[in-house]
Amino acid sequence: MDELRLFIADDDRDDREMFIEGLAKFPYDHFISQFGNGVELMKSLKSNSPLPDAIFLDLYMPLLNGFDCLTDIRNIPEFSEIGIIIFSTINDQNVIDLLKNNGANQYIQKPASYTDLKTLLFKSLNYVLDTKTDPSIKNQFIILS
């Protein structure tokens, strides 16, 4: 298996570190780039560096929020194969439906415990790996909680 390239965009440094620590526990080769806001994320995506297999995207960030990043990413054809995994504390079905309709592939509600986070990340990474072997899976929307 090739190395997974993952981006994480969240303005909360502690959340980013917890995600990275959780991802380190899994037996997948991966490279993680992290961003504190949507502007940094979009700048990196447009920089001609290798694109990620998936982006973990927080909804509420300064400068450019996750809603706008999702829309911008899905409006650029070169980014159409990138999996977008939204994570937030929101538990509003209308917002989740909007995210799905705007092109998100997964929604993860931020869990209360580190153990739950690791479980959700494991499920999410399995999804990302599965889409590498069967791209039609990317059309499915998955809610993990």
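A. Fine view of the environment of Gly-38. The topology assignment puts Gly-38 in helix 2 (residues 38-45). In this structure, the C-alpha to C-alpha distance between Gly-38 and Val-128, residues 90 residues apart in sequence, is 21 Å.

B. Expanded view of the packing of helix 1 (residues 13-24) against helix 5 (residues 114-133). Helix 5 packs onto helix 1 with a crossing angle of 65 degrees between their chain directions and a minimal axis gap of 9 Å. By crossing handedness, the relation of helix 1 to helix 5 is classed as right-handed. Touching Met-18, Phe-19, Glu-21, Gly-22 and Leu-23 of helix 1 are Tyr-114, Leu-117, Lys-118, Leu-121 and Leu-125, all from helix 5. Here the contact of helix 1 with helix 5 is composed, by residue class, of seven nonpolar, one polar and two charged.

C. Structural view of helix 5. Taking 1.5 Å of rise per residue, 20 residues should cover 28 Å, and helix 5 covers 29 Å from first to last C-alpha, within 8% of that figure. Of the residues making up helix 5, those classed as buried are Leu-117, Leu-120, Leu-121, Ser-124, Leu-125, Tyr-127, Val-128, Leu-129 and Thr-131. In this fold, the buried residues of helix 5 make contact with strand 1 (4-9), helix 1, strand 3 (54-58), strand 4 (83-88), strand 5 (106-109) and strand 6 (142-144).

D. Region of the structure containing the pairing of strand 2 (residues 30-35). In this structure, strand 1 lies alongside strand 2, joined through six bridges in parallel fashion. Along strand 2, the bridge assignment pairs Ile-8 with Gln-34. Of the crossover connections in this fold, the one passing from strand 1 over helix 1 to the parallel strand 2 is right-handed.

E. Spotlight on the pairing of strand 4. Across the six residues of strand 4, six count as buried, placing the element largely inside the fold. The side-chain alternation of strand 4 yields two buried faces, one formed by Gly-83, Ile-85 and Phe-87 and the other by Ile-84, Ile-86 and Ser-88. As paired elements, strand 3 and strand 4 share five bridges and run parallel to each other. For Ile-55, the partnering residue across the bridge sits in strand 4 and is Ile-84. Taken together, strand 3, helix 3 (residues 66-74) and strand 4 constitute a β-α-β crossover, and its handedness is right-handed. Pairing geometry for strand 4 and strand 5, over four bridges, is parallel. Bridge pairing in strand 5 places Ile-86 opposite Tyr-107. This β-α-β element, strand 4 to helix 4 (residues 93-101) to strand 5, shows right-handed connectivity.

Cut-off values and rules
Residues numbered from 1 in each chain as written. Predicted model: local features only at pLDDT ≥ 70, side-chain atom pairs only at ≥ 80, totals over all residues. Heavy atoms only, no water. Helix = DSSP H or I, 4+ residues; strand = E, 2+ residues; numbered from the N terminus. Axes fitted to C-alpha atoms, helices over the stretch in contact; angles between N-to-C directions. Left-handed = near helix turned anticlockwise from the far one by under 90°. Contact = heavy atoms within 4.5 Å. Nonpolar A, V, L, I, M, F, W, Y, C, P; charged D, E, K, R; others polar. Expected span 1.5 Å × (residues − 1). Buried < 20%, exposed > 50% of the residue type's maximum accessible area, 1.4 Å probe, protein only. Pairing = 2+ DSSP bridges. Right-handed = clockwise from strand over helix to strand, strands pointing away.

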